[in-house]
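# Secondary and tertiary structure notes
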There are 2 protein chains.
Amino acid sequence: MALMRSWLESANAPGCAFPLNNLPCGVFGRDGEAPRCGVAIGDQIVDMAAAESAGLVQLADAPLFGAPSWNAVMEAGPATWRAMRARLAELLGEGTAERAAVADYLVPQDGAQMYMPFRVAGFTDFYASRQHAFNVGTMFRGPENALPPNWLHIPIGYNGRSSSVMVSGGEVRRPWGQVKGPDDEAPRFAPSARFDIELELGAVVGQASSGPVTVAEADAMIFGYVLLNDWSARDIQAWEYQPLGPFQGKATATTIGSWIVMKDALEPFRVATPEREKPLLSYLAEPGPMLYDIALDVALTPKDGAETVISRTNYRTMYYSAAQQLAHHTTAGCRMDVGDLLGTGTISGAEAGSFGSLLEMSWGGKQPVSLSDGGVRSFVEDGDTLDLRGRCIGDGYEIGFGECRARVLPALTDPYAR
Amino acid sequence: MALMRSWLESANAPGCAFPLNNLPCGVFGRDGEAPRCGVAIGDQIVDMAAAESAGLVQLADAPLFGAPSWNAVMEAGPATWRAMRARLAELLGEGTAERAAVADYLVPQDGAQMYMPFRVAGFTDFYASRQHAFNVGTMFRGPENALPPNWLHIPIGYNGRSSSVMVSGGEVRRPWGQVKGPDDEAPRFAPSARFDIELELGAVVGQASSGPVTVAEADAMIFGYVLLNDWSARDIQAWEYQPLGPFQGKATATTIGSWIVMKDALEPFRVATPEREKPLLSYLAEPGPMLYDIALDVALTPKDGAETVISRTNYRTMYYSAAQQLAHHTTAGCRMDVGDLLGTGTISGAEAGSFGSLLEMSWGGKQPVSLSDGGVRSFVEDGDTLDLRGRCIGDGYEIGFGECRARVLPALTDPYAR
C-alpha cells in the first residue's frame, strides 16, 4: 500500500505520523471546551462531533461522536468503523469536492488538550514476550526456573486495575508500599526505590462477547491499538506477587497513548507469530498473521536534561498475539465488554538495547543504563519524563501512534498527611 | 441493641432476616417493571423510587433511587446513608403517623425479581483466612510452603474480573479451560472437572479515594456487605496461576447476594481481628474492631435432591478485615471508585465442617463430603444448587443477608459451536 494523498499538505509530509492511511481516534478539547471525539490527520484533528452535527459524517441514527469517549463508536461495530474510514477518506482525500466543508471542522493539534480516548471497562495485562518472560523469570526465580512450565501453552495474563489507566501527558507519583530486601528480617513501608516502566501495546476491545470466542472472532472484536506504559514498582511487586500475582506493584498508573490506531490502518503490517516451540492447543490456532510490524522506542528525558532513546524494539517479536490473548481470555466464559483493554505484556527483543523495561535493561540494577547527558539509570528517577513511540513504516508513508508520555513526581513525604 | 419494632408484623417475627434493624439495599422489579432501588423490611420491599417520587423520602436535590443500582446513593455519602436509615426507621417504626402513606409503597418480596444491587466498578479478591491460606497452600505447594512468607504482613489480594459478577438466582455454566494433570505430558482443553465454590463476603465500596487511606478512612468508605460465592475451577487455576495469579480459573462467575447489608446494621456485631502472629506495619493498624460476628452456612442441593449444609463458619475468624484490605489496596496510589467490590477471601474456620470451599472440605477430592441424601461430593456437580447464608444473631433479632444462590449447568458440548 502506498501513501493515500490528502489535500491537507501536512498529512503528506515525509515522516508524518498521521497520513490519510492512519486516521487514529482520540478525545480532545481546547480551552475548557467539552471533550469530544476527534480523528488525527496531518497536524490537524477532525472534530468528529462537529462534523456529525453538521451532517458531514452520518453513520448512525443517534450521534456517535459527541461523547468524551469512543465507546459508542466501538459499540456500533466493525461496519461502522469501516464506513467512518471510508467517509473520512472521501472528505480528506486529494481532489474531494467537499474540501471547503470539512475545513471548517479541522482543529490544530497544537494547543488541543487530549483526554482518555475511551472508558476502560476492564484492564488485563499479559506476559507474551518470550525474552521478557525469560529475563524477568531469571531475575525473580533464577535461570533454571525462568520460564514457567505453562508459558509455552498459555498466553499468561492477569487482571489489572482499570482505575489506574490514564492518558498521555499526565504525571505519575512514585508510590509507597511494602518492601522487603532478601536479607531484611521484616518488611518496611517506604517509597518504591525500584520504580520502572514497561513498554507495551494495548489492544482496545471494541465488541462485547459472552462466551468463548475463536482467535478469528477475537481479532474481529479488536478496534485498535494504543501505546501503553505499565508503570511497575519492582520492589513492591517482588515482595507481594507470590502466590496471587502483582497487585500494588502495578496499581499506581498505566499510561496509554492519546490516539487509538485502528486495526484497519495496521492491516498492511500484519506479520505472523514466531514458530511454536511447543504445539498450541487448537483453540489458540491463528487463521492468519496476527502480529504487526511496529517499531517501538522508549525515550527517557531527565529533568532539565537531554533525551536518550534507551530501547528500540518491535511488536513483531511477541510470542502470542492480542487476538490469541483475547481468545484465551474468554475460554472460561468470561464476558468481554466494549472498552476492555488488553496489555500485550512488556515487549523485549532478543538483542541488546531492545528490552522493554529498565529492570531488564539494567539487569536488576547491576548494569545501569548510560544516558546521553552523562547520567545513568537503574530505574526511573524523580523528574524523568518517559516517552513511548511507535510507528509502522510503509511504502512512502508511516503509521504513527502519537504521544505516550508521563513525568515522574517524587513520592509524598507522608502519604497519610491531610 | 434490641429489636426495633415495626408496625409491619412480619418484620418483628422471630428469625426474620429483615427486621427494622437491618434495612438492606437491593434492586428489584416485578413483571417487566423497570428495576429500581428497594429496601427489604419483613416480607416486603420498600419501593424507594416510588417513595421518593411521592416525597416521602427526600434525601437529595436530584432523585437517588430510580436508577437500577445503589451507586448514586453510595456516591451521596455516609450522611445520606444515615439519613435514609433514620427516615425509614420513622416511616416503618411502631407508632408512626405515616403508616398509611408508606403502606402504598410496599411490594411483596414474593414474586419480585432481584437484579444486581450495584454497578461493579472493580472487583478485587483477597485471601484473608489463615486456615484457608494454610489449607490451599498445603494442597498447592505442600505443608512446608503452605503460608507464603508475606502472608502475615500483607492482606494478599488480586484483581478479579468485574464482568463476571452476577446476582443471586442465576445459573453458572461449568467452564472449559486448559488443564494438565501432574503426570500429563501436555495440557488439554476440557471442561473443568474440579469446579468449586468459595464462601466469602464482599465489601461494597461506597466512597471514592485517590490516594492512600488509613484503616479508619477505609472503614468509613465501606457502604455495606454482601454474600459472595467466588466460583473457582481448581484444575484450570492450578495449571495457570504461576507466576501471575488466578485468571480463567476465576473468570466464569462470582455470585453475590441480592441484598447489601449496610455497615450501620452491622455495628452491634463488630469484633476484633485475632491476635497478630507478627506485628503489622502501622498503616494496617486498626483503630477499633473491624470484623463482624456473622454466622455463615453453605448449603448444597443436588438436582431433585435434598439440601445438605456442608459448611458452618463465621466471618469473625478472618485474619484481616475488609477495612485493612481496602487500606492496603490504596497504598500505591490506586484510585478506588464507588461500586468497587472487595471479596474477603474464602472464609474457613479451624474446626472440621467449617471450611469455605469443597477443595478444602474434600481435601482436594481425597475425602469426599457426604450429603444427606446418600450422595458424595468432591467438587460441585451439574445440577447442584449452592446457597450461601449469613446472619448476625442479636438480642431478640437477627440481621440476615438474604439469598445468594446459583445452579450449576453442564459444560457446553462444543463451546465454539455457533
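Residues numbered from 1 in each chain as written. Chains lettered and ligands numbered in written order. Predicted model: local features only at pLDDT ≥ 70, side-chain atom pairs only at ≥ 80, totals over all residues. Heavy atoms only, no water.

## Things to note about the interface of chain A and chain B
On the side of chain B, 56 residues touch chain A, which itself brings 56 residues to the contact. Counting the surface lost from both chain A and chain B, the interface buries some 5300 Å², and carbon and sulfur atoms represent 59% of this. Looking only at chain A, the three residues that lose the most surface to chain B are Arg161, Leu244 and Phe247 of chain A, adding up to 16% of its buried area. Remark: the boundary between chain A and chain B carries four salt bridges. Aspartate 340 of chain B is the salt-bridge partner of arginine 161 of chain A, the closest N and O atoms lying 2.5 Å from each other. Our enumeration of links across chain A and chain B arrives at 27 residue pairs in polar contact (both at pLDDT 80 or more). (Contact = heavy atoms within 4.5 Å. Buried area = accessible area lost by both parts, 1.4 Å probe. Salt bridge = Lys/Arg side-chain N within 4 Å of Asp/Glu carboxyl O. Polar contact = N/O pair within 3.5 Å; in protein donor to acceptor, adjacent residues only side chain to side chain.)

## Observations regarding the domain arrangement of chain A
Frequently, the measure chosen for interface size is the accessible area that the parts lose on association. All names here are of chain A. Along its sequence, chain A is carved into domain 1 (9-115) and domain 2 (123-409). The centre of domain 1, based on its C-alpha atoms, is set 28 Å off from the matching centre of domain 2. Residue-level contacts link 27 residues of domain 1 with 23 residues of domain 2. Viewed at the interface, domain 2 and domain 1 are joined by zero salt bridges. Looking at the side of domain 1 that touches domain 2, the elements that each hand over two or more residues are β1 (25-29), β2 (36-41), α2 (71-76), α3 (78-92) and β5 (113-115). The biggest single contributor to the side of domain 1 that touches domain 2 is α3, with five residues. (Domains from an automatic or database assignment. Helix = DSSP H or I, 4+ residues; strand = E, 2+ residues; numbered from the N terminus.)

## Some details on the relation of the copies chain A and chain B
Superposing chain A onto chain B requires a rotation of 180 degrees together with a translation of 0.0 Å along the rotation axis, leaving an RMSD of 0.0 Å. In the structure described here, the two chain copies are related by an operation that fits a two-fold rotation axis. Measuring from the rotation axis to each C-alpha of chain A, the shortest distance belongs to glycine 245 of chain A, at 2.1 Å. Counting the interface residues of chain A, we find that 100% of their copies in chain B are interface residues as well, pointing to one common contact surface. (Least-squares fit on C-alpha atoms with pLDDT ≥ 70 in both.)

## A word on helix α5 (residues 130-141) of chain B
Residues and elements named next belong to chain B. With twelve residues, α5 extends 16 Å between its outermost C-alpha atoms, agreeing within 8% with the 16 Å of an ideal straight helix rising 1.5 Å per residue. When α5 is considered as a whole, its buried residues turn out to be His132, Ala133, Asn135, Val136, Gly137 and Thr138. On the buried face of α5, the contacting elements are α10 (358-361). Note on α5: the residue one or two positions beyond its end, glycine 142, has a positive phi of about 90 degrees. (Expected span 1.5 Å × (residues − 1). Buried < 20%, exposed > 50% of the residue type's maximum accessible area, 1.4 Å probe, protein only.)

## Concerning the packing of aromatic side chains
Tallied over the entire structure, the rule returns 32 aromatic pairs over all chains. On the basis of an interplanar angle of 70 degrees and a centroid distance of 5.4 Å, the ring pair of phenylalanine 140 of chain B and tyrosine 241 of chain B is categorised as edge-to-face. Here phenylalanine 140 of chain B is found in helix α5, whereas its partner tyrosine 241 of chain B is found in the loop between α7 (234-240) and β16 (254-256), with 101 residues between them in sequence. By relative accessible area, which is 24% here, phenylalanine 140 of chain B ends up partly exposed. Grouping aromatic residues by their ring pairs yields a cluster made of Phe65, Trp70, Trp81 and Phe223 of chain A. Positioned above the aromatic ring of tyrosine 319 of chain B is the side chain of arginine 276 of chain B, whose terminal nitrogen or guanidinium carbon lies 4.1 Å from the ring centre. (Phe/Tyr/Trp six-rings, centres within 6.5 Å; stacked < 30°, edge-to-face > 60°. Lys NZ or Arg CZ within 6 Å of the ring centre and 35° of its normal.)

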